[in-house]
Structure formats: C-alpha cells, structure tokens
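Close look at the chain arrangement
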Amino acid sequence: MAKLPLHTEFDSISSLSAALSSRALSARELAQSALDAAQAHASLNAFVHIDPELTLAQADRADQRIAAGQAGPLTGIPVAHKDVFVTQGWRTTAASKILANYVSPFDATVVSKLQLAGTVSLGKLNCDEFAMGSGNENSAFGPVLNPWNTRHVPGGSSGGSAAAVAAGLVMAATGTDTGGSVRQPAALCGVSGIKPTYGTVSRYGMIAYGSSLDQAGPIARSALDLVPLLDTISGFDPLDSTSLEYCQQTPNQAGRVQAMFNEHLAQQENAGSNPLAGLRIGVPREFFGEGLATDVAQAIEAALVVFESLGATRVDISLPRTKLSIPTYYVIAPAEASSNLSRYDGVRYGHRAAQYKDLADMTSRSRAEGFGAEVRRRIMVGTYVLSHGYYDAYYLQAQRVRRMIVDDFQHAFNDQCDVIMGPVTPTVAKTIGDNRDDPTADWLADIYTLGISLAGLPALSIPCGFGGPENNLPVGLQVVGNYFTEGQLLAIAHRYQNLTDWHQRTPELA
Ligand code: GLN
C-alpha cells in the first residue's frame, strides 16, 4: 500500500510509473490511497467534487493496460482537474453557484487527452469563480488553504490545483492561466507550473473567461514531470477555433514539447561543465522596482546566480509597458468575460431563480443570485468598456496598448535575450482575508504575469526559495520564452532543479 501523502514515497511521475509497471503496486491501490489522502486533508478545501467509483473505474482500466503491456508514462498516475474543465460524470461548476449542479455531456479536450494517456482522475479542484481571482478566495465553495501555512491563500485562480499537488494528494493537476492563474498559485504553493504559448493547448471544454487569453497548463512537482503532461495535452484541435495547426502532432513520434526538451537536454550534456553556456537571460528592470518584497527579490537573485554558475549570462533589459499591463488586462479580460458569461441566462442550463415576473426578470434574478461579487464586478466593467461611447476610449485603446506590450517582448527576444526571468508575484502568499476590503489590491499583484498573457507567450514558474515572517512560504521564479519554446524552458528549468532541491521540499500537513 502506498504511503500518504503520495510524495513521501514517490518524488517524480517516472518513479511512480516505474513502481506501477513493475507491479509493485496497482493503479487501483494507488487511487484508493490518493482518495483516502484527499479525504484526510479535506480541510484544505482543494477538491469540490470527488466520486470514488469513477476514479476506481479509471484505475482499473489503467491496471488492465499495464497488464497488457500497453502503458505509457502517465498510465495510472493520479491527477485532478481544475473545475473549469468540463467532465463527464463529475460535476463542473467553475466554483460558481450558477453552475452548482451542472454535469457536462462531454469531456474537455485536455481531460480526454489525459484520460487517453491513462491518468486516473481524483475529481475536480476548487478555484476562483470562473477563474477570476488571484487568491482562490472568490470561490462559491470557500477558500482553499495553502498547505505550507493554512492561514494563507494558495494563490489563484488555480488554487485547488496547486494546493493538491503541494500537499501530495495528486502527482499533477490541470490549471488554466488567463493572466497568471497557473504560474501564480504554483509559485505560492512551491510547485512547478507552465502556461504554454496561446493556441497550443485546446480550449475546447474549458469554461471561457477571456477567450483571447485563456490557456490550459499543467501543475506538478518538477519541470521533468511537466514534460509528459504538457506534451500530452498540446496539439491541434479542430474543435477550438484558435487552436494552431502548427501544433499538429505526428503519430508515433515524441510530441513537439518532448522532442524540444530532449534536444535541449542533449545540447546541455554536450556543453559539459557549462551546460547553459550561450544562454542569455533577460532580467527586466521593471520587475524589480517598487512593490517587490525583499524576501522575494533575494530568492530570485539567488536563483539567477545559480543560472550564471551554469554558464548563462545575464542581460539587463527593459519592458517599458509593464505597468500598463494591469489596466490593459483589466479592460480586455472583463470585456471578453462579459460577453462569454452572457450565456448564463437561466434558460438553457445553470441556476434559475425560483420566482420571477417575466423573462427579463428571470434572467436578471438568476444572474444576480448565481454570480458572486467579483464576477458581477467584472461583468459590469466589461459591459461598460464595450458600450457605445466608451468602446473607443477603453476597449480599443487597450487593444492598442496590448500590441505595444507584444512589441516590447519581441524587441527583447529579437535583439537581447533568449529567455526572460523574474518574479511571479511581488510577495509571498497573503493571509486569507487580507484584501477583502480592496478588490483591486489583488489586481495589482498580477503585475509580473499579465503582460506575458497579453502577449500569448509561454512561461513557467518553478520554486526557488522561501520567504514570509517564518520563512516557510514558497517563492516562485518565472521563466518566460519566445513563442513555442516550451520544451526549451522546461529543459532550462530542469537543469536548475538538478542543482537545487526547492521543488523537493514538501509541507508538513496537520
Ligand atoms: N488574477 C487574474 C484575474 O483575476 C488572472 C486570473 C487567471 O489567470 N485566470 O483575472
């Protein structure tokens, strides 16, 4: 029987996979332990829906595949999905009252691809309502607690995903990132997470927030674990109109991400004692100004020194529109959200008010009752910036600035550096309730992640130290690359993780 939590016994997906293929333990035993662990740590509030029968049925199928010698690297591995991915069987709520009882008739592409690879899903993970938030405090099901210190937020919006991985309840989880929601909770929970290039992972069946920004990404312990996960979920999908055909994966061949990872790893090996020789790391000065806490700055600085010791060089760069990414994002994302969320009208599915006068009253009451405060705030902002007379002043202007932000990144990658590194968040995880009276305080804390989302670039977060008053709250390092360089970013992160053990530290659970 596997010990609880999972990471006390298995430090990587491949070591767990080896145990499964050697039949030292069965996928069913493993799934049962994981279900027990999830129950034992239910107070973290990471899960919103667990259905042991569905989980064990997937585990049995994984065992059959292993027995038949048809297992892949993810067969039997316990995972879970952020509750914005629709799933057959498990409820899909987007952590909103408006979808409290919704069960999808189909699976999101990300979910079905992971299922095809043989993963065993433990169920659905808590998040900010419709993925709007930075602390997981905007969930209709209550906040998720940070496993490192349960008085603190896990980050958001994929807070349940990061907390479940950090607590060892699953080996990996899916998340979504519209403006930082994979990278930020990964950073605050001391785990690794990657947001890939926009368009490389299908959005089909991912409940829409800001469609020009939304992108799925995996969260796991290490960069090495992220490789097969991202490789599995990437690829062209005709069911998503913004999916890139460039990403078509050829059958019987390692996928695009795995292939690029292998290639870069081989290059590193050949470079001998300076594996990252030639790598130019752009360090944007705007990421180290006012607002960055000293403990975070120190951990990032120490990580940069490690990269230099591996042969990389550091280049001072400027991303001059960094500050403008906040108003730009908080015009565009709410504008798209107000349009996307108009489908929750009480007519077709979702919550419907019990009493109403006529159709208009039914819709307005259903929405007022179903949506939480932050979601209503975003819908109002979005409707306003799209309305006649304000469209040009706000929405169109934001689109122009978005283009300039893209240009800033392209200038850096074309002329100055190969990757960009910096903090993910200005501070370590806040105490639950800290920003209750100031809805825009959370928005400001997104400053280092939003520009990358507006530009559609790939970026990952890896643990690089601790901070906070008791020095027990994780700090994340952000590594940003040019379009389609996910495999390279993961190889660079893996090299760092070979030399450091931040990603192997685990919280002590009560
Ligand atoms: N914090 C940002 C927001 O609230 C980003 C959320 C996300 O990436 N889903 O919109």
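In short, a report on the structure.

Attention shifts here to the overall build of the protein chain. Along the backbone of the protein chain there are 16 helices and 11 strands. Relative to the 2.2 N^0.38 estimate, which gives 24 Å for 510 residues, the radius of gyration of the protein chain is 22 Å and therefore close to what a compact globule would have. Along the longest, intermediate and shortest principal axes, the C-alpha atoms of the protein chain span 70 × 55 × 50 Å. For the protein chain, the proportion of its 510 residues judged to be buried stands at 60%.

This part takes up the site of the ligand. Inspection of the region around the ligand gives 15 residues, with Ala 131, Gly 179, Ser 181, Tyr 209 and Tyr 329 positioned closest. Between a nitrogen atom of the ligand and a side-chain N or O atom of Ser 134, the distance comes to 2.8 Å. Take Ser 157: an N or O atom from its side chain is 3.4 Å from a nitrogen atom of the ligand. In the complex, 99% of the free accessible area of the ligand, which totals 290 Å², lies under the protein chains. For the shell around the ligand, a count of residues per class yields five nonpolar, seven polar and three charged.

This part is about the sheet that holds strand 8 (residues 313-317). To summarise the sheet geometry, strands pair through backbone hydrogen bonds and adopt either a parallel or an antiparallel arrangement. Pairing is mixed across the open sheet formed by 11 strands, whose spatial order is 1-3-2-4-6-5-10-11-9-7-8. Edge positions in the sheet fall to strand 1 (47-49) and strand 8, since each has one partner strand and no second. Along the sheet, successive strands turn relative to each other by an average axial angle of 35°, direction set aside. Where strand 5 (residues 192-195) and strand 10 (residues 459-467) come together, three bridges link them in antiparallel fashion. When the bridges of strand 10 are listed, Gly 193 appears paired with Ser 461.

So, on to the packing of aromatic side chains. What the rule picks out here adds up to 16 aromatic pairs. A ring pair is formed by Tyr 344 and Tyr 349, whose centres lie 6.0 Å apart and whose planes are at 85°; its orientation type is edge-to-face. Each member of the aromatic cluster is reached from another via a ring pair, and the members are Tyr 102, Phe 130, Tyr 344, Tyr 349 and Phe 371.

A complete count under the given rule lists 17 salt bridges for this structure. Here Asp 345 ties to Arg 348 by a salt bridge, and the two come within 3.1 Å at their closest N and O atoms. On the accessibility criterion, Asp 345 (14% relative accessible area) is buried. Overall, the relative accessible area of 59% leaves Arg 348 in the exposed class. Among the charged side chains, a network of salt bridges with common partners joins Glu 374, Arg 377 and Arg 378.

Our next topic: unusual backbone geometry. Glycine aside, the phi torsion of most residues is negative, and most peptide linkages are trans. Geometrically, the link from Gly 156 to Ser 157 is a cis peptide bond, its omega value of 5° lying close to zero. Assignment of secondary structure puts Ser 157 in the loop between strand 3 (120-125) and helix 5 (159-166). A positive phi is found at Arg 23, a non-glycine position, where the angle reads about 65°. Its place among the elements puts Arg 23 in the loop between helix 1 (13-21) and helix 2 (27-40).

A few words on the state of the cysteines. As enumerated under the stated definition, the model contains zero disulfides in all. Free of any disulfide, Cys 417 has its nearest neighbouring cysteine sulfur in Cys 464, separated by 19 Å.

Turning our eyes to something else, we now look at the environment of Thr 242. Mapped onto the secondary structure, Thr 242 falls in the loop between helix 7 (223-233) and helix 8 (256-270). Apart from the residues lying within four places of it in its own chain, the contact partners of Thr 242 are Tyr 198, Gly 199 and Arg 203. Of note is the side chain of Thr 242, whose polar atom sits 2.8 Å from the side chain of Arg 203.

Another aspect to go through is the environment of Val 153. Examined against the element boundaries, Val 153 turns out to sit in the loop between strand 3 and helix 5. Residue classification places Val 153 among the buried positions, given a relative accessible area of 4%. In this structure, the C-alpha to C-alpha distance between Val 153 and Ala 163, residues 10 residues apart in sequence, is 9.5 Å. If we ignore the near neighbours within four places in the chain, the residues touching Val 153 are Gly 135, Glu 137, Val 144, Asn 146, Ala 429, Lys 430, Thr 431 and Ile 432.

Okay, helix 5 next. With eight of its eight residues buried, helix 5 lies for the most part within the structure. Along its buried surface, helix 5 packs onto strand 2 (78-82), strand 3, strand 4 (172-177), helix 6 (183-189) and strand 6 (215-220). Just past helix 5, the residue Gly 168 takes up positive phi, approximately 75°.

The buried fraction of strand 2 amounts to five of the five residues, a majority that puts the element mostly inside the structure. Where strand 2 meets strand 3, four bridges bridge the pair, whose relative direction is parallel. Of the residues in strand 3, the one forming a bridge with His 81 is Lys 124. Once you follow strand 2 into helix 4 (residues 109-116) and on to strand 3, the crossover reads as right-handed. By the bridge criterion, two bridges tie strand 2 to strand 4 in an arrangement that is parallel. Across the sheet, the residue bridging to Val 79 is Ala 172, located in strand 4.

A few words now on the pairing of strand 9 (residues 419-423). Within a regular strand, the side chains alternate between the two sheet faces. Judged by how many residues are buried, strand 9 sits mostly within the fold: five of five residues are covered. Relative to strand 9, strand 7 (residues 280-284) runs parallel, the two being bridged by two bridges. Note on strand 9: the bridge partner recorded for Ile 281 is Val 419. Sheet topology note: the strand 9/strand 11 (residues 473-481) ladder contains five bridges and is antiparallel. Directly across from Met 421, in strand 11, lies its bridge partner Val 479.

Take the packing of helix 10 (residues 325-340) against helix 15 (residues 447-455) next. For the pair helix 10 and helix 15, the least separation of the axes is 9 Å and the interaxial angle reads 60°. When the interaxial angle is binned, helix 10 and helix 15 end up oblique. Taken as a pair, helix 10 and helix 15 cross one another with a handedness that is left-handed. Residues Ser 325, Ile 326, Thr 328, Tyr 329, Tyr 330 and Ile 332 of helix 10 pack against Ile 447, Leu 450, Gly 451 and Leu 454 of helix 15.

Calculation criteria
Residues numbered from 1 in each chain as written. Predicted model: local features only at pLDDT ≥ 70, side-chain atom pairs only at ≥ 80, totals over all residues. Heavy atoms only, no water. Helix = DSSP H or I, 4+ residues; strand = E, 2+ residues; numbered from the N terminus. Rg over C-alpha atoms; globule rule 2.2 N^0.38 Å. Buried < 20%, exposed > 50% of the residue type's maximum accessible area, 1.4 Å probe, protein only. Near = heavy atom within 4 Å. Polar contact = N/O pair within 3.5 Å; in protein donor to acceptor, adjacent residues only side chain to side chain. Areas by Shrake-Rupley, 256 points an atom, 1.4 Å probe, with all protein chains shown as cover. Nonpolar A, V, L, I, M, F, W, Y, C, P; charged D, E, K, R; others polar. Pairing = 2+ DSSP bridges. Axes fitted to C-alpha atoms, helices over the stretch in contact; angles between N-to-C directions. Phe/Tyr/Trp six-rings, centres within 6.5 Å; stacked < 30°, edge-to-face > 60°. Salt bridge = Lys/Arg side-chain N within 4 Å of Asp/Glu carboxyl O. Disulfide = S-S within 2.5 Å. Contact = heavy atoms within 4.5 Å. Right-handed = clockwise from strand over helix to strand, strands pointing away. Parallel < 35°, antiparallel > 145°, perpendicular 65-115°, else oblique. Left-handed = near helix turned anticlockwise from the far one by under 90°.

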